[in-house]
Structure formats: C-alpha cells, structure tokens
Amino acid sequence: SQTIHQWPATLVQPVGSPLSLECTVEGTSNPNLYWYRQAAGRGLQLLFYSVGIGQISSEVPQNLSASRPQDRQFILSSKKLLLSDSGFYLCAWNSRSTPLHFGNGTRLTVT
Amino acid sequence: DAKTTQPPSMDCAEGRAANLPCNHSTISGNEYVYWYRQIHSQGPQYIIHGLKNNETNEMASLIITEDRKSSTLILPHATLRDTAVYYCIVRVHTGTASKLTFGTGTRLQVTL
C-alpha cells in the first residue's frame, strides 16, 4: 500500500532563517505531488504541484520554492522566512487511479 | 473547477446519522464530487467520491441528486471521532495534477 511521510511535525523558526520541509511517498511510482498551506481557521491553499522529476508548477507567487529531486521526494524551501510564512503545511499525492492523499502536515511557527 | 457551497457548521448527536449537504450548481458533466474531512491538526482524509450514482464505502454514503447540482454525505452512525471539518470538492478526475481547491468546509460537531 502507498504511504506518505512528511517531517518534521512541528517547527519553530526565527524570521530570516531558511526552511526545508521534506515529503516522501512510498509504494507508488511517478506520483503527482503537491504542497498546500493552511492558515489558522482557513481553507487549504495550493502552493506548488509537480507531475514529474524537476517539474514544478507554482500556484501562488511568494517567498517559498519547491523542488523534486527524486521521483517520490518533494521539498518545500525558503531562503529567508517571513512572519507570514507561519501555517500548517501539507504534502499530498495522487495518481491516475488514486484520489488525493495527504500527509500529517508540518506546523510552522515563524517568530 | 465548479464552486461548492456548504454550511459552515452542523451538530449531530452520537449514534445518529449525520447528513452533510453540498451545493454545486455549476458542476460540469465530467466533474466528480469528492469528500474529505480534516480532524484538528491532521491532514485531510479522503472519504468518498462519485460522478452521478450514489456511492457507499466503509466510511460513508454519497447521495448525488439526479441533476447533479447538489449532494449529501451521510455518516450513518456518527461517533465523537467523526467531529471534523468536512470538505466537498468537485473536480475532473484525471491522471494529471488534480489541483483540488479546498474551501472552508462544514465543521461537524458530534455530541453525546
């Protein structure tokens, strides 16, 4: 069966520091991968998605970037965090025959 | 993607059926209805999806009206663990990136 791993679960970072969140999927090949962000009490906002290695589409211009160095690895990064980057970050995957499935998320607090 | 409308909140007594409505009056013929739920501080969990026929799985039932302009998610015997935010989404089911857009959903509170 397929599983999705996302870490860390929680993170507190100072303003101006870099960020790297990692997501990996097991049990499938060539998945579509996604990064979402959820602000407190709000819906989910799609940030990036990828249909293959090295292919990244950005939905919202911002202080963040994404990379897909391997087929089942998706990384969310920032060179310098802003206070407004705080939120709940979710990685997700799907395929032609599988609905979207989410990881357990990373709660990021920028101080 | 077609826009969906859901009530912001609902209450349900434990053991009773929870019926969560969703309006999607602009749905296209090739768009599916998906339901997810999000328990506090966790990632959304897939529940069920359908095109035009009613669907049932181990978690819930999905009833889609004949004109497909609305649907209802039914949790037949709600428990306290079903307390969550429920999202109704419509989207073309393709193998390419789905780009599901989540709104604010319905907050279901199951009470004793």
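Quick look at the structure, then. This one's a predicted model, so the numbers in the text were calculated from it and none came from an experiment.

**Let's talk about the interface of chain A and chain B**
Moving on, step 1. Each partner contributes residues to the interface: chain A has 23 residues there, and chain B has 21 residues.
Moving on, step 2. Taken over both partners, the interface formed by chain A and chain B buries close to 1600 Å², and the fraction arising from carbon and sulfur atoms is 57%.
Moving on, step 3. Our enumeration of links across chain A and chain B arrives at zero salt bridges.
Moving on, step 4. In this structure, the connection of chain A to chain B is made through three residue pairs in polar contact (both at pLDDT 80 or more).
Moving on, step 5. Put simply, the parts of the chain that give the side of chain A that touches chain B at least two residues each are strand E4 (32-38), strand E5 (44-52), strand E9 (87-95) and strand E10 (98-102) of chain A.
Moving on, step 6. For the side of chain A that touches chain B, a count of residues per class yields 11 nonpolar, eight polar and four charged.

**Re the state of the cysteines**
Two cysteines, two sulfur atoms, one covalent bond between them: this is a disulfide.
Residue and element names in this part refer to chain A.
Moving on, step 1. Considering all chains together, one arrives at two disulfides over all chains under this definition.
Moving on, step 2. The residue that forms a disulfide with Cys-23 is Cys-91, at a sulfur-sulfur distance of 2.0 Å. As the torsion about the S-S bond is roughly -75 degrees, the Cys-23-Cys-91 disulfide counts as left-handed. Of this pair, Cys-23 sits in strand E3 (residues 19-26) while Cys-91 sits in strand E9, and the two are 68 residues apart along the sequence. In this structure, Cys-23 and Cys-91 share a single accessibility class: buried.

**Quick word on the pattern of salt bridges**
Moving on, step 1. Considering all chains together, one arrives at three salt bridges over all chains under this definition.
Moving on, step 2. Among the salt bridges present, the one from Arg-37 of chain A reaches Asp-85 of chain A, with a minimum N-O distance of 3.9 Å. Taken together, the positions of Arg-37 of chain A in strand E4 and Asp-85 of chain A in the loop between strand E8 (73-78) and E9 put the pair 48 residues apart, joining distant regions of the chain. There is no split in this pair, since Arg-37 of chain A and Asp-85 of chain A are both buried.
Moving on, step 3. The partner of Arg-37 of chain B in a salt bridge is Asp-82 of chain B, with the nearest N and O atoms 2.8 Å apart. Taken as a pair, Arg-37 of chain B in strand E3 (residues 31-38) and Asp-82 of chain B in the loop between strand E7 (70-75) and strand E8 (84-92) lie far apart in primary sequence, 45 residues in all.
Moving on, step 4. Residue classification places Arg-37 of chain B among the buried residues on the basis of a relative accessible area of 11%.

**A look at the side chain of Ser-61 of chain B**
All names here are of chain B.
Moving on, step 1. Looking at the secondary structure, you find Ser-61 in strand E6 (residues 61-64).
Moving on, step 2. Polar contacts involving the side chain of Ser-61 include one to the side chain of Thr-56, which spans 3.0 Å.
Moving on, step 3. Ignoring sequence-local partners within four residues, the contact set of Ser-61 consists of Ile-48, Glu-55, Thr-56, Thr-72, Leu-73 and Ile-74.

**Remarks on the sheet that holds strand E7 (residues 65-70) of chain A**
Strands pair in a sheet through their backbones, by hydrogen bonds, and they do so in one of two ways: parallel or antiparallel.
Residue and element names in this part refer to chain A.
Moving on, step 1. The strand order across the open sheet built from four strands is E1-E3-E8-E7, with neighbouring strands paired in antiparallel fashion. Either end of the sheet is taken by a strand with one partner, and the two such strands are strand E1 (3-7) and E7. Here the average twist between neighbouring strands, direction ignored, is 20 degrees.
Moving on, step 2. Sheet topology places E1 next to E3; five bridges connect them, and they run antiparallel. Bridge pairing in E3 links Gln-6 to Cys-23.

Reading guide: rules and limits
- Residues numbered from 1 in each chain as written.
- Chains lettered and ligands numbered in written order.
- Predicted model: local features only at pLDDT ≥ 70, side-chain atom pairs only at ≥ 80, totals over all residues.
- Heavy atoms only, no water.
- Contact = heavy atoms within 4.5 Å.
- Buried area = accessible area lost by both parts, 1.4 Å probe.
- Salt bridge = Lys/Arg side-chain N within 4 Å of Asp/Glu carboxyl O.
- Polar contact = N/O pair within 3.5 Å; in protein donor to acceptor, adjacent residues only side chain to side chain.
- Helix = DSSP H or I, 4+ residues; strand = E, 2+ residues; numbered from the N terminus.
- Nonpolar A, V, L, I, M, F, W, Y, C, P; charged D, E, K, R; others polar.
- Disulfide = S-S within 2.5 Å.
- Buried < 20%, exposed > 50% of the residue type's maximum accessible area, 1.4 Å probe, protein only.
- Pairing = 2+ DSSP bridges.
- Axes fitted to C-alpha atoms, helices over the stretch in contact; angles between N-to-C directions.

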